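Survey of secondary and tertiary structure
One-letter residues, chain by chain:
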Amino acid sequence: MIRSVNPATGEQLATFDPDSDASVDERLTTATEAQAVWRQTPVGERTELLRRIARSLRDKSEDLALLISQEMGKPLTEARAEIEKCAITCEYYATNAIGFLADQPVRSNAGQSRIVYDPLGVVLAVMPWNYPFWQFFRFAAPALAAGNGIVLKHANSVPQSALAIAAVLHAAGTPEGLVQVLLVETKKVAELIADDRIAAVTFTGSTEVGTIIASQAGAALKKQVLELGGSDPYVVLADADVQAAAETAVKARFINVGQSCVNAKRFIVEEAVADEFVDAFCAATDRLVVGDPLDARTTIGPLARADLRVTLHEQTRRSVEAGAKLLRGGGPVDRPGYYYQPTVLDHVVPGMAAFDEETFGPLAAITRAANADEAIRLANQTEFGLGAALWTSDPDKAEQYSRRLDAGAVFVNGMVVSDPRLPFGGIKRSGYGRELGPHGMREFMNTKTVWVGPASTPESECLVIRPGQTEIFDRGNGVVTTPYVGSWNATHNGVTTGTTTFKAGTQIPLHSHNVEESVLILRGSAVAVIGGERVELKAGDATWVPAGVPHHFLNVGDDEMTIYWVYGGRAVTRTLTETGITVAHLSDGDRGAVTTR
């Protein structure tokens, strides 16, 4: 029996019978058949599904947030933010997937060679309870855009959240059978991993379970991504803004009631500012409000399960017995549910449970370091390597020490968070592989080399293009483009270049390319909007636009403006942001017949 329990009261909310073996078998077959069709669906249609999913999440946001709070205890304000982050991530991949999935031309001895990205198939997602929607959608958004199918085996403590995910996907018009949500006991996972219809596995959870998943997937020779435990260091150097570091540290530790792999857990502070940091940290901790997660004033709800509270209390007790100084909290809250006091320990050293073990709950461990070098050594003195924070006012120290921290991500003067634009994952016993960004999308794709030969011998090695060898294109609305180097000689220089001239007050609509682009303002002045950021440019200024990032340029001067552009490839496409339509930018025409559109 699979049970849903409210951790704020201990009340049983619902029960579910596990899916039968026959039902699981049928759903695996259905998912495989649906994915075979989905992989052939144009990328533009896949990304439109992600936009509909984002709308579906927002339409149901209040109900979904309430469900999260009731089923796993997260404060309602944080649950709302979780749903919004899922929607934002779906929109991010809807905007950028075309660029991420575009073929990548590579110079070789072939007539043409390129890297293409094909979906792997149906991916098994074994997901945790602490972020019941976010953990799924940060994997699902890129996986669906890439053409994969999904089988979700969610944590058995959040079955209602799992079914709600299925309802969101259905409401958005997800193809029937493409995403299957299974309610099965944990022992069923090994069987699912071994099934030939499962192509790969993604798992987020404890290191102990991750090693089992890795072994099972490895035995079946299946790709896996593991996002496991963490004991993230939060390093505060003597030259840091101590007040800001302490205020942020409290949020970094106690968000989600301290139940996140990337919560800051070990606060390693240079001795010179340790007392100041401790005072500020404790003052901010005192402002936390323990209470009903549905109350808007609450910042600390219950732990998700009774056994988690028992484990956390034992770690606190053992650390204090070993010499740690208890400054705040230190025990369960006297009320129904699985509440634990926000707890602060000072003078924590290696060998204590709060330093050596992952603490999953509202327990902060402060360690004092003699100097910056010792602080970095202590930060790395862990079997985990997920995230790390570093606080310093010195840019040189930030550069030096961020390189020395053993972690999948280092945040300088901020708290570690996941961002759909950036790869996320760990090293050591925090797992391997990456989620989010283009890297996360390509984890569950076949990176395929396509070689077409033999190489043709060009008529000439000449890189000089005469005016008669190009064609000028009037793009309307006062914008004219002249391509200088097209794909016919890109074998030699690997780029595509040209100029575009704008009459006063004209612009190109917001668009993105599948390759990176550099732009130099030759004359005039412009306002550029790149990835939502507005910058002013004048003659001589240059800018760079990553692949897949929406951008446009507007002539804000009184005279004509000319830009010189360089694309980092030859098979260039342009996607109009407003319509989602993708067209070729330069065709593979014959020499002297380079075309744009």
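**Notes on the sheet that holds strand β3 (residues 104-105)**
- Taken in spatial order, the three strands of this open sheet run β3-β4-β18, and their pairing is antiparallel. At either end of the open sheet lies a strand with only one pairing partner, and these are β3 and β18 (445-452).

**Quick notes on the nonpolar core**
- With 72 residues, the main nonpolar core has L50, I53, L57, F133, F136, F137 and M441 as its most contacted residues.
- Here F136 is in contact with M127, I150, L152, I165, L169 and V179, once residues within four sequence places are set aside.
- Counting residues in each nonpolar core, the second largest holds 55 residues, with L345, A372, A389 and L405 among its members.

**Some details on the pairing of strand β1 (residues 2-5)**
- Here β1 shows one buried face, formed by I2 and S4, and one open face, formed by R3 and V5.
- One ladder, built from four bridges, connects β1 with strand β2 (residues 12-16); its direction is antiparallel. From the neighbouring strand, V5 faces β2, where its bridge partner is Q12.
- Taking the residues between adjacent antiparallel strands as the criterion, β1 and β2 are bridged by six residues, where G10 takes a positive phi near 80°.

**A closer look at unusual backbone geometry**
- Positive phi outside glycine occurs at N413, with the angle close to 60°.
- You can see N413 is positioned in the loop between β16 (409-412) and β17 (431-432).
- Among the residues examined, N413 registers a relative accessible area of 39% and is labelled partly exposed.
- One non-glycine residue, L436, lies in the positive phi region at around 70°.
- With respect to the element layout, L436 can be found in the loop between β17 and α15 (437-443).

**Here we look at the sheet that holds strand β6 (residues 149-153)**
- With mixed pairing, the six strands of this open sheet are ordered in space as β7-β6-β5-β8-β9-β17. Each edge of the sheet is formed by a strand with only one pairing partner; in this case those strands are β7 (179-182) and β17.
- Relative to β17, strand β9 (residues 223-227) is paired through two bridges, and the arrangement is antiparallel. For E227, the partnering residue across the bridge sits in β17 and is G431.
- This element, helix α1 (residues 21-38), spans β5 (122-126), β6 and β7 of the sheet and lies at about 160° to β7.

**Digging into the pairing of strand β13 (residues 343-346)**
- Side chains T343 and L345 of β13 all project onto a buried face; the interleaved residues V344 and D346 project onto the opposite face, where all are buried too.
- Pairing between strand β12 (residues 325-328) and β13: three bridges, direction antiparallel. Paired with K325 across the two strands is D346, which belongs to β13.

**Some thoughts on the packing of helix α9 (residues 242-254) against helix α10 (residues 271-286)**
- Packing of α9 against α10 brings their axes to within 8 Å, and their N-to-C directions diverge by 50°. One finds that α9 runs oblique with respect to α10. Pair α9 / α10 crosses with right-handed handedness. Contact with α9, carried on its side by V242, Q243, A245, A246, E247, A249, V250 and F254, involves V273, E276, F277, A280, F281, A284 and T285 of α10 and no other residues of that element.
- For the contact of α9 with α10, the residue count by class is eleven nonpolar, two polar and two charged.

**So, the environment of G408**
- Structurally, G408 is set in the loop between α14 (395-404) and β16.
- On the accessibility criterion, G408 (25% relative accessible area) is partly exposed.
- Spatially, the C-alpha atoms of G408 and V290 are 32 Å apart, while their sequence positions differ by 118 residues.

**Overview of the layout of surface pockets**
- Computed from the structure, the largest pocket encloses a volume of approximately 930 Å³.
- Considering the residues around the largest pocket, the lining is formed by 36 residues, among which W129, G205, S206, V209 and R305 are closest to the centre.
- Every element with two or more residues in the lining of the largest pocket is listed here: α7 (189-194), β8 (200-204), α8 (207-219) and α11 (306-321).
- Broken down by element, the lining of the largest pocket gets its largest block of residues, six residues, from α8.
- Across the lining of the largest pocket, the residue classes tally to 16 nonpolar, 13 polar and seven charged.

**Quick word on the state of the cysteines**
- Applying the stated criterion to the full structure yields zero disulfides.
- For C90, which is in no disulfide, the shortest distance to another cysteine sulfur is to C86 and amounts to 7.0 Å.
- On the accessibility criterion, C90 (0% relative accessible area) is buried.

**Overview of the packing of aromatic side chains**
- Under the counting rule described, the total for this entry stands at 13 aromatic pairs.
- Between W129 and F360, the ring centres sit 5.9 Å apart and the planes meet at 90°, which makes this aromatic pair edge-to-face. Of this pair, W129 sits in the loop between β5 and α5 (134-145) while F360 sits in the loop between α12 (353-356) and β14 (363-369), and the two are 231 residues apart along the sequence.
- Accessibility expressed as a relative area gives 19% for F360, which makes it buried.
- Among the aromatic residues, those joined into a ring-pair cluster are Y234, F254, F267, F277, F281 and W391.
- When the ring centre of F355 is taken as reference, the NZ or CZ atom of R266 above it lies at 4.8 Å.

Parameters at a glance
Residues numbered from 1 in each chain as written. Predicted model: local features only at pLDDT ≥ 70, side-chain atom pairs only at ≥ 80, totals over all residues. Heavy atoms only, no water. Pairing = 2+ DSSP bridges. Helix = DSSP H or I, 4+ residues; strand = E, 2+ residues; numbered from the N terminus. Core = buried A, V, L, I, M, F, W, Y, C linked by side-chain atoms within 4.5 Å. Buried < 20%, exposed > 50% of the residue type's maximum accessible area, 1.4 Å probe, protein only. Contact = heavy atoms within 4.5 Å. Axes fitted to C-alpha atoms, helices over the stretch in contact; angles between N-to-C directions. Parallel < 35°, antiparallel > 145°, perpendicular 65-115°, else oblique. Left-handed = near helix turned anticlockwise from the far one by under 90°. Nonpolar A, V, L, I, M, F, W, Y, C, P; charged D, E, K, R; others polar. 1 Å grid on protein atoms, 1.4 Å probe; cavity = no way out; pocket = protein on both sides within 12 Å on 5 of 7 lines; lining within 4 Å. Points joined across faces, edges and corners; volume = space filled by probe spheres on them. Disulfide = S-S within 2.5 Å. Phe/Tyr/Trp six-rings, centres within 6.5 Å; stacked < 30°, edge-to-face > 60°. Lys NZ or Arg CZ within 6 Å of the ring centre and 35° of its normal.

These figures come from the coordinates and say nothing about function on their own.
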